[in-house]
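Secondary and tertiary structure notes
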Amino acid sequence: MAMGVLLAVAGCGSDGDDTPDTASGSLEQLAARARCRPEVQTDAAELRQATCDNGARHYVFVTFTNARGQAEWLDEANDYGGTYLVGTSWVAVGGAQDISALRKRLGGTVVAAAGMHGHGGGHQGGGAGMEMGVGMGRG
């Protein structure tokens, strides 16, 4: 799939650091492990999406029912730039520091989307990806 071409890997699973095995589970289970409360925004057959705050950190979680849906979402997200934490059936979107902290709880792979000029309303870094992630529900 094109996902590998569009996203640059910024870090991988556990490679001798203190990163746990990649988490799995429902959106609520991931949020509990991240120690934040999910506010569900999209509850569709193929994906669920929620914002999740714990005071100091802010994320958007998206869970998928299949790998194809996740790959398509990531391909589209690449246009907006940002930093993503990618698990086997989920993606978390946030600022680089927030994603780095989240990876210590959920494992996963950190990717930095290339981004294209003209998208994201002139925002920089993870902000454009965060806003994009919030509105990316399908269906």
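Here's what I pulled together on the structure shown here. Residue positions are counted from 1 within each chain, in the order its sequence is given. For this predicted model, a pLDDT threshold of at least 70 governs which residues receive local features, and a threshold of 80 or more governs which side-chain atom pairs are given and counted, while totals over whole chains, interfaces and linings are taken from all residues. Hydrogens are left out, water is left out, and the side-chain values use all remaining heavy atoms of the structure.

Helix and strand definitions follow DSSP, with helices as H or I runs of at least four residues and strands as E runs of at least two, each counted in order from the N terminus. Counting secondary structure elements, the protein contains 5 helices and 7 strands. From first element to last, N terminus to C terminus, the protein shows the α and β order α-β-α-β-β-β-α-β-β-α-β-α. Any residue under 20% of the maximum accessible area for its type is buried, any over 50% is exposed, and the rest in between are partly exposed; the area is computed with a 1.4 Å probe on protein chains only. By residue count, 41% of the 139 residues in the protein fall in the buried class. At a minimum sequence separation of 6, the contacts of the protein that also span at least 24 residues come to 61%. Surface accessibility follows the Shrake-Rupley procedure with a 1.4 Å probe radius. Residue values consider only the protein chains on display as shielding. Accessible surface, the protein as shown: approximately 7000 Å² in total, 49% of it carbon and sulfur. What makes two residues a contact is simply this: any of their non-hydrogen atoms within 4.5 Å.

The disulfide criterion is simple: two cysteine sulfur atoms within 2.5 Å. Tallied over the entire structure, the rule returns 1 disulfide. Note on cysteine connectivity: Cys-36 is disulfide-linked to Cys-52, with sulfurs 1.8 Å apart. Disulfide Cys-36-Cys-52: torsion about the S-S bond near 100 degrees, hence right-handed. With Cys-36 in the loop between helix 2 (27-34) and strand 2 (37-43) and Cys-52 in strand 3 (residues 47-53), this residue pair connects regions lying 16 residues apart in the sequence. Cys-52 matches Cys-36 in its accessibility class, with the two residues each being buried.

A few words on the packing of aromatic side chains. We describe a pair of aromatic rings using the distance from one ring centre to the other and the angle between the two ring planes. Working definition: rings of Phe, Tyr and Trp (its six-membered ring) pair if their centres are within 6.5 Å, and the pair is stacked with planes under 30 degrees apart, edge-to-face with planes over 60 apart, and tilted otherwise. Going through the model one piece at a time under the given rule, you end up with 3 aromatic pairs. Ring geometry for Tyr-59 and Phe-61: centres 6.0 Å apart, planes at 45 degrees, overall tilted. A relative accessible area of 2% places Tyr-59 in the buried class. Look at Phe-61 and you get buried, because its relative accessible area is 1%. Between the aromatic rings of Phe-64 and Trp-73, the centroid separation amounts to 6.0 Å while the plane-to-plane angle is 65 degrees, which identifies the pairing as edge-to-face.

Turning next to the nonpolar core. We define the nonpolar core as a collection of buried residues of types Ala, Val, Leu, Ile, Met, Phe, Trp, Tyr and Cys that are connected through side-chain atoms lying within 4.5 Å of one another. One finds Cys-36, Phe-61, Leu-85, Ala-92, Ile-99, Leu-102 and Leu-106 to be the most contacted residues of the largest nonpolar core, which totals 17 residues. Counting only elements with at least two residues in this core, the list comes to helix 2, strand 3, strand 4 (58-64), strand 6 (90-94) and helix 4 (96-106). The biggest single contributor to this core is helix 2, with 4 residues. If you look at the next biggest cluster of nonpolar residues, it comprises 13 residues, including Phe-64, Leu-74, Tyr-84 and Val-93.

Where charged atoms of side chains with opposite charge meet at close range, the side chains can pair. A carboxyl oxygen of Asp or Glu within 4 Å of a side-chain nitrogen of Lys or Arg is what we treat as a salt bridge. This structure, assessed with the given rule, holds 4 salt bridges. Measuring nitrogen to oxygen at the nearest pair gives 3.1 Å for the salt bridge that ties Arg-48 to Asp-43. For Arg-48, a relative accessible area of 21% puts it in the partly exposed group. Ionic pairing is found between Arg-68 and Glu-72, a salt bridge with its closest N-O pair at 2.8 Å. Here the residue Arg-68 and the residue Glu-72 both occupy positions in helix 3 (residues 67-77), the gap between them amounting to 4 residues, near one helical turn.

Taken by themselves, the reported measurements are silent on function.
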